[in-house]
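Results of the structural survey
So the chains spell out like this:
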Amino acid sequence: MLSWHLQEACQSLHGSQGALLPSRRRGCRMFHSQQEPSVGFAVHPGTKLGKWLRPQPAGSWRAQGVGWLGKETCARTSIRPKPPPRSPAQPPGEELPIAAARRRKPGLNDTAPLPPRSTAWGSCRRQAARAAAEPIEELAMPMGPCRKKDSRRPGPAAPPLPWALLIALVGAGVVVCQPQYTLPVPIDNIAASGDSLLLAGGNCIYKLNRSLSLLHLAHAAGAQDCAQPAGTHNKLLLPDLEGGRLLTGWTLYHGSCQVRFLGNLTVLTNQTEVVSCLPQGSTSGVLFALQPGRRLLALAAAYSLSNQSDSDLSCVPSASDARTVLTMRSLPEMSLTGGDSATLKRPAKGPPLHFVDAFLWGEHLFFPYYPLPPEDHQAAPQPSVAVLKSQKDLSLLGELRLDCGARSTLLSSSLLEQAGLWAGVFSAEPGEWRWDSTALCIFDMQQMAEKRNSNCRFLGENNGNRDCQKLLSPVKKSPTLIHSDLSAVYATIVFNKTVLFLGTKNGQLLKAILNDNMEPNCPEILYEIEEESSVFPKLVLDPVDSDYIYLAFANKVRRIQVANCNKYGSCKECLSAKDPHCGWCHLSKRCTLKGDCSHSNNSRDWVNISHEADECLTIQIGLTGRNEIVMTAIGHVSAVSKGHFVCIVKETKTDQVLCKKEEPQIMNCSCKLNNSALSNRAVQVTLISDSWNLSKTFQLKNCSRCISTRVCTFCESKHISPFVACKPDDSGQVQDDCHLIDKQGDVPATTASQMKATTQMSEPLCNISIEPVWISVLGKRDVIIKGANFTEASNITVVLTGTSSCKQDNIQVSKVLNDTHLSVSLPPGRKEAKSVCIKANGCQCSPPITVYYVSEPSCTKIEPNTTWASGGRKITLFGRNLNVTDSIIISDDQRLKFTVSGCPGSTSPYSFLTPDVSLSKEYKCFDVSLKVETVLIPCMQLQYYPDPIFIDYQLHIEMDPHLELKLYKKNDNLNISENEIGVTLTHMMNDIHLEPIIFRVQNITQTLDRTTILCKVDREKPGKIELSTVKVWVTLGNFSQEVQKQSSHKYFYVLSLLPILLLGVIVVAILVTRYKSKQLTRKLSQQIELLECEIRKKIRDGFAELQMDHLDVVDSFGTVPFLDYKHFALRTFFPESGSFASIFIEDMHTNVSQSRDPRQKDESLTMLHALICNKDFLVTLIHTLEKQKNFSVKDRCLFASFLTIALQSKLVYLTHILEVLTKDLMEQSSNTQPKLMLRRTESVVEKLLTNWMSVCLSGFLRETVGEPFYKLVTALNQRINKGPVDVITCKALYTLNEDWLLWQVTEFKPVALNVFFEKIPENESADTCLDIEANVLDCDTIEQAKEKIFQAFLNKNGSLYGLQLSEIGLELQSGAQQKELLDIDGSSVILEDGITKLNTIGHYEISDGATIKVFKKKTNFTSDVEYSNQHCHLILPDSEEPQGAMHKGKQKFEVKEMYLTKLLSTKVAIHLVVENLFKSIWSLPNNKAPVAIKYFFDFLDAQAESKKITDPDVVHIWKTNSLPLRFWVNILKNPQFVFDIKKTPHIDGCLSVIAQAFMDAFSLTEQQLGKDAPTNKLLYAKDIPLYQEEVKAYYKAIRDLPLLPSEVEEFLTQESKKHENELNEDVALTEIYKYIARYYDEIRSKLERERGLEDAQKDLLHIKALFDEKKKCKWM
């Protein structure tokens, strides 16, 4: 099982619940499982994953991916191809495959291999073909990055992986991530703070967590953007962990400095003129404490530069302080601690100083710096360190010059406090890049503190005052390490070993380890930056996890592991490397960091360099008898348990077991093998204990010629056993490698002769030069070295030296060309400058010269990227390190391959001429590759087009000797420039060829049809040009063509043939037209016949359905879901103002604050209630309000509803008010048209009448009409759902409203489902049946199917399931497979215009009898699903065309009117339900009408008699407007006023038709309907006369019934008591007062004019005073 531990999990990339989550980053598909540790793989084509496949952990040095702004970079393990075995005669690099060449980059020794670039997933035919021919090494190599494929290098194509492999990789977690963060500007500063990392760049500070995710972002003072204003730099980033503060300094505002809170980076204090405000100026600071709680800052800064202009002088803190270099400041105010004692200056004539670092050691402060080079190009002074006393006043104890090999620049600094050492990276003056340009020197801090010179008055005087010159040498009296381009250093102690992390200018992170003598090993390359950006001078170790270090470069920072332990494959290799970070983990059997080994606190589980390599557990075998071998487990066996011991010997090729033994408590066993088994075979030896097992493969060598007795004698100058452990590069071929050596130990004669010195040089080799000096890391064959006396020398050796602590390469020269030239092959190496010298026997090495090893070349641009087929066009490549390219390879997909030589410059660009591919007459795309040694690096693509076609020319000789020539060319994609075209004109005079005329191309213009090339020339010798002899030649590279002059005769022939061609076209067109017309007529006839058949079928189906269809209305639908009185009343009172519902439902005492005065509140509302109970006042108030222009209809309705609520406990009084107001309304209506009274709601009394009817008829509605009405709504729902319903438009096939008719889709079929419900805690009743049958349609969406299943459950059990629709899901059960059904999923059909079609039952191919499971969703459900116009169900949005299948290759013809019978069938199906509802409304239970109806109808009759209205139609209309129109129609159209249901738009449309028929029944006029009448009127046209007769009888029966006045008063009193305190009357009174307050002046004026209302006027004044007092106290 693949389960290896990783140091870092990709927390930001994946979840944390253990789920397998897909993710995409930079084009690579990644999977990660949070339940298993992760490991990455990249599988090479042809790789066989067998028992030798070993995973490698994350964090290796091959992780070179690139992310962007906080995104992680992914790393993979790559399995690289193994090169074929090279013959002994094969020279280095000969016929070397790409992968092998990359692996042959070991640097200078095997302990520091050069990191090859990773092979990313990609596809390339050439590389795949090449890789397929290479054998594959079955060993897992360290990881490479998961990043976008590098366009510069080939990547083998990744074939589809086997499923078993994919499952294995996914189970283990395929990707590990390397965090990265990218800034929009270059990094200026970096620092660690507790468990976070601080970055500064531009105008911003970034606080990141350990995974490099952004925590906080802060701007510099006065800046709003990180990049604006441009040119701003951070100069100080100093965390104060003890004080919880952060010191930041910027070049803004004369070098401002802020003290911030370390947590959220907010500014505490701000001080200007503190740090250097110059972009190139330096600033370094150190914090220390003289006493607890008081922190001081010693700050060194460069306030002036030697080369600054006068415009920069404003940056200096003050004119007198331009020489100030050191200041002492107190925190947090950042003020100077004293006067002159708080500052230190540099000499007046001394150079400016550049401070690199500042640190505290013991009781001293140290400021390493170097003087800037003088402007007069004199020798630059040496770097120095200033030593100060850590006290309040600045006291310069002295300075020391730092000697690091006469290098004048200090680049980076690192204090090794535990060892009392300080490390610095020193560099020579800027100039030529040499192999010894930089060096690392380590100094003793104790010597630095004691040896200081105290004769210095000024800082920097060290380099000018001879009395102030003390030189401090490194601990080894010489540089610890010399390198070509170091840029950063960080030193630390690990297991008593000094470890140095070094950054380089070419983007490498190196790691060197010092031994006990302070001598470094050859630095290991931990990491390489792909962009080769210079490493930032400051490296920061992770303060929490010391296994990681932060690497900053350019505008990015990455988190890198401090060791590549996974590259050591065995315990012996791991411990022999002497890397203190690495150790052997016995549990996982691999070399790891300590943190990567589980239970590493147990010393037996993880052993490091404190143990010897010999203690590693391994297998050793020996020969004890003629055919007997002994296998022994040796090493630190105490680390593992001893128990049952088994040894097995197998032959690797046949897997045959040769021997198997079991030994208790003994760590060895012996096996006897026959002679054939001991002869030239590879065997696998396995030792198994109770808690461990070892396995090792041995090659049995045939040493029969040199075996005397049981042991082998000297073979090739070394002792060997017949059993040699197989190396990774063993090819399996067994050769006789034993060569007998003389018993005296003499070397054979051939070897001795080779070791003899032939001749010696007469003169030393000197003044050599080398060509080329730029070499790629792949090495270089046939390098030419120039010198002298080469033919006279013997045993010439080229010494190649890189980093000083690495092993030299001694290369034997095998080819001396002549006395001054020799040829040598330089091996691969790491990126750096190296020294080359030559030596021979008897002579020392010649003076060294420098060669430059650079990375492989890469391309960024090709210009131009097109060429013509004949070739010869100059192409220029732009990129990096192109000067190491050997040649250019141009190839295509058809095995065409051209090698061209280029003209490289120093670095870039690189030019070459395209080859001739004129055999190809069409467009082709060629790949351009760079050949470096035997490696091909993909570069760019070059597009070959056919040669240009020149069609004509015009020569103008009128202005001779100024000639003008216009060439005409067909348009193409070549983008030819003026300097690429050569134009030559030849002509003759008297059959004599004259001197050719060469034209200059002036410009090239292109039109839609052709390209014009304008050429001009001024002839020195004018003369006549015979146009008939002129020939024009055009040359482009290898292409040359004579441009032919177009002849005018062609046009004549064309014009003469044109009439004949035109006549022929006309005849053909007539014949074709007639044929097409006949064909079209025949097709139309066929289509009309098909249409007639289709229409006949539709009409017959509609007729049959009309006669046979019926609706099975569910009689037992459970309890009718009536709303309580409060909700019913509020929905009728406020149908459009739902906001009032909550405030009126609340208890009348709940909204009264305990802090208010109840007496004052009760008094104001009580008086207002008493005032509106004054009938005269209330009537006057209502009339006054209605006369106000801005008292809108909405205000009148609201006022009437507020009044109804306020007087709900006084319905008798409210009825009297209604009578008075109605009479007043009749007075207004009698003068105009009395039939229009009460038709609209435009007055208070009309709305008051509606509310009064609602209150009085609520009981009748609930007891008599409610059940038939609910049955009608249920029947409509059943009928609608019987046929297709479009989810998007809500249209249905079965409806009463033509506007909601779904006529586009009619083909559907029912599907019977077997549904079983998952048992849930919400529904645990034993009587509940969880297995039901449900009928759905194949055109139903999944949501529609769920609704029907829920309805079936309700019908079956009489109760709901217990969950909402949005909380459950459907799952199709098909054998052992389950599939969740969704409206939209990956299988949804997407139409051509991008519209997604919702999934249906038919989409999932669900047939009758299918089993559906209803389950409860865990998460992610929404209450309502809404679809946009990008979705469709049965019809397309914004389209009237049917969404159906094609009929015999054509779209079905559908007519809306064909489906109007569906309206009639729906009407017939629910006819009885509608009639029962109507009869329940105008029925008289027990021959007794509702009291309210009887009372108000009698009131209207009485008013008609009093007003002497004799027309009976007027009274009929009054009654109709007051009851059916004002109450019943409102109820019929809004069932949600009565029931706790949700009204859909479709139900609303159907109820509108029924309500219209209901109102037509009360009409007195006969309807005159024609054929063009609306279908809504025609549907009930025959039923209306019958209804009208029933309505007349209903009115007559009510008029004939007797009614006692006492009966009305008793009914109203009971209703008042029944609904007392159900609604909040205080709120209604408050709202009424708001209207009184708004029109207070008008109301008071009206009261003053009316008699008998003086008391009411006084009460109103008093009420206003009480409410105003509340408003002052903020009680309102």
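Residues numbered from 1 in each chain as written. Predicted model: local features only at pLDDT ≥ 70, side-chain atom pairs only at ≥ 80, totals over all residues. Heavy atoms only, no water.

Moving on: the packing of aromatic side chains. Between two aromatic rings, the relevant description is the distance of the centres plus the angle of the planes. As enumerated under the stated definition, the model contains 40 aromatic pairs in all. Judged by centre distance (6.5 Å) and plane angle (25°), the ring pair of phenylalanine 359 and tryptophan 422 falls under stacked. Of this pair, phenylalanine 359 sits in strand S21 (residues 359-361) while tryptophan 422 sits in strand S26 (residues 421-427); the two residues are 63 residues apart in sequence, bridging distant segments of the chain. With a centroid separation of 6.0 Å and 85° between ring planes, the pair formed by phenylalanine 1191 and tyrosine 1639 is classed as edge-to-face. Of the two residues, phenylalanine 1191 is situated in the loop between helix H12 (1175-1186) and helix H13 (1193-1206) and tyrosine 1639 in the loop between helix H27 (1625-1638) and helix H28 (1640-1649); the sequence distance between them amounts to 448 residues. Neither phenylalanine 1191 nor tyrosine 1639 differs from the other in exposure class; each is buried. Each residue in the set Phe1478, Trp1482, Phe1497, Phe1558, Phe1562, Tyr1587, Tyr1594 and Tyr1595 is aromatic and connected to the rest through ring pairs, giving one cluster. One residue, lysine 834, lies across the ring of tyrosine 853, its end atom 5.2 Å from the ring centre. Directly above the aromatic system of tyrosine 1595 lies the positively charged group of lysine 1519, at a separation of 5.9 Å from the ring centroid. (Phe/Tyr/Trp six-rings, centres within 6.5 Å; stacked < 30°, edge-to-face > 60°. Helix = DSSP H or I, 4+ residues; strand = E, 2+ residues; numbered from the N terminus. Buried < 20%, exposed > 50% of the residue type's maximum accessible area, 1.4 Å probe, protein only. Lys NZ or Arg CZ within 6 Å of the ring centre and 35° of its normal.)

Now for the pattern of salt bridges. Counting across every chain of the model gives 41 salt bridges. Here lysine 831 makes a salt bridge to glutamate 532, at a shortest N to O gap of 3.5 Å. With a gap of 299 residues between them, lysine 831 in the loop between strand S54 (821-826) and strand S55 (832-839) and glutamate 532 in the loop between strand S33 (524-528) and strand S34 (540-541) connect regions that are remote in the sequence. The pair lysine 831 / glutamate 532 is uniform in exposure class, with both members buried. Between lysine 1646 and glutamate 1650 there is a salt bridge, with the nearest N and O atoms lying 3.3 Å from each other. (Salt bridge = Lys/Arg side-chain N within 4 Å of Asp/Glu carboxyl O.)

Another point: the confidence of the model for the protein. Atomic detail in the predicted coordinates should be set aside for any region of low pLDDT. The pLDDT averaged across the protein works out to 78; a share of 76% of its residues lies at or above 70. Here residues 725-762 is modelled with pLDDT under 50, and outside its nearest four sequence neighbours on either side it reaches 50 contacts, counting other chains as well. Taken as a whole, residues 1147-1161 scores under 50 in pLDDT and shows 15 contacts with residues more than four places along the chain or in a different chain. (pLDDT = per-residue confidence, 0-100. Contact = heavy atoms within 4.5 Å.)

Below, the discussion takes up the sheet that holds strand S29 (residues 481-483). Consider a sheet: its strands pair through backbone hydrogen bonds, and that pairing is either parallel or antiparallel. What the four strands build is an open sheet, ordered S25-S26-S27-S29; its pairing is antiparallel. Edge positions in the sheet fall to strand S25 (409-416) and S29, since each of these pairs with one other strand and no more. Geometrically, the sheet is characterised by an average inter-axis angle of 20° between neighbouring strands, direction not taken into account. Here S25 runs beside S26; their pairing, made up of seven bridges, is antiparallel. Paired with serine 413 across the bridge in S26 is glycine 424. (Pairing = 2+ DSSP bridges. Axes fitted to C-alpha atoms, helices over the stretch in contact; angles between N-to-C directions.)

This brings us to the environment of serine 384. Within the secondary structure, serine 384 sits in strand S23 (residues 384-389). Here serine 384 falls in the buried class, since its relative accessible area comes to 0%. Considered as a pair, serine 384 and tyrosine 369 are 15 residues apart in the sequence and their alpha carbons are 5.6 Å apart.

Strand order in the open sheet formed by five strands is S49-S56-S55-S51-S52, and the pairing between neighbours is mixed. Of all the strands in the sheet, the pair left with one neighbour each is strand S49 (774-776) and strand S52 (809-812). Here the strands of the sheet are splayed against their neighbours by 30° on average, with no regard to which way each runs.

For strand S35 (residues 548-553), the tally of buried residues reaches six of six residues, placing the bulk of the element in the interior. Every second residue of S35 is oriented toward a common face, with Tyr548, Tyr550 and Ala552 on one face and Ile549, Leu551 and Phe553 on the other, all of them buried. Bridge count for S34 against S35 is two bridges, and the pairing is antiparallel. Paired with leucine 541 across the strands is isoleucine 549, a residue of S35. Turn length for the S34-S35 hairpin, with the two strands adjacent in sequence and antiparallel, is six residues. Pairing between S35 and strand S36 (residues 556-561): six bridges, direction antiparallel.

A few words now on the environment of alanine 300. Structurally, alanine 300 can be placed in strand S16 (residues 294-301). It is 5.4 Å that separates the C-alpha atoms of alanine 300 and valine 325, two residues lying 25 residues apart in sequence. Sequence-distant contacts of alanine 300, defined by excluding residues within four places in its chain, comprise Ser282, Thr283, Ser284, Val325, Leu326, Phe355 and Phe367.

Together, Leu1057, Ile1060 and Leu1061 give the surface a local cluster of nonpolar side chains, amounting to about 330 Å² of exposed area. Along the chain, the position of leucine 1061 falls in helix H8 (residues 1049-1108). Take leucine 1061: its relative accessible area is 56%, and that puts it in the exposed class. (Patch = residues over 30% accessible without salt bridge, like charges linked within 9 Å, V, L, I, M, F, W, Y side chains within 5 Å. Areas by Shrake-Rupley, 256 points an atom, 1.4 Å probe, with all protein chains shown as cover.)

Moving on, we come to the side chain of threonine 232. Looking at the element boundaries, threonine 232 is found in the loop between strand S10 (214-219) and strand S11 (234-240). A polar contact of 3.1 Å, which involves the side chain of threonine 232, links it to the side chain of asparagine 203. Here proline 229 takes part through its backbone oxygen, which lies 3.1 Å from a polar atom of the side chain of threonine 232. Setting aside its immediate chain neighbours within four residues, threonine 232 contacts Asp188, Gly202, Asn203, Thr251 and Leu252. (Polar contact = N/O pair within 3.5 Å; in protein donor to acceptor, adjacent residues only side chain to side chain.)

Turning our eyes to something else, we now look at unusual backbone geometry. Residue proline 229 is reached from glutamine 228 by a cis peptide bond, and omega for that bond is 0°. Its place among the elements puts proline 229 in the loop between S10 and S11. Residue proline 961 is reached from aspartate 960 by a cis peptide bond, and omega for that bond is 20°. When you line up the elements, proline 961 lands in the loop between strand S66 (950-956) and strand S67 (962-969). The backbone of lysine 477 shows a phi angle near 65°, a positive value even though the residue is not glycine.

Moving on: the nonpolar core. Formed by 131 residues in total, the largest nonpolar core has its most connected members in Phe1199, Trp1252, Leu1272, Ile1554 and Phe1558. For leucine 1272, the residues in contact, after removing those within four places along its chain, are Ile1470, Val1473, Val1474, Leu1477, Leu1551 and Ile1554. Phe501, Ile529, Val535 and Leu541 belong to the second largest nonpolar core, which has 28 residues in total. (Core = buried A, V, L, I, M, F, W, Y, C linked by side-chain atoms within 4.5 Å.)

What follows is about the state of the cysteines. Applying the stated criterion across every chain, the model contains 10 disulfides. With its sulfur 1.9 Å from that of its partner, cysteine 522 forms a disulfide with cysteine 806. Sign of the S-S torsion, about 85° for the bond between cysteine 522 and cysteine 806, identifies this disulfide as right-handed. With a gap of 284 residues between them, cysteine 522 in the loop between strand S32 (508-514) and S33 and cysteine 806 in the loop between strand S51 (797-801) and S52 connect regions that are remote in the sequence. For cysteine 806, a relative accessible area of 7% gives the class buried. The partner cysteine of cysteine 571 in its disulfide is cysteine 616, sulfur to sulfur 1.9 Å. For the disulfide bridge between cysteine 571 and cysteine 616, the dihedral angle about the S-S bond is near -70°, and by the sign convention the bridge is left-handed. Linking cysteine 571 in helix H6 (residues 571-576) with cysteine 616 in the loop between strand S39 (606-607) and strand S40 (618-623), this pair joins segments that are 45 residues apart in sequence. For cysteine 571, a relative accessible area of 7% gives the class buried. (Disulfide = S-S within 2.5 Å.)

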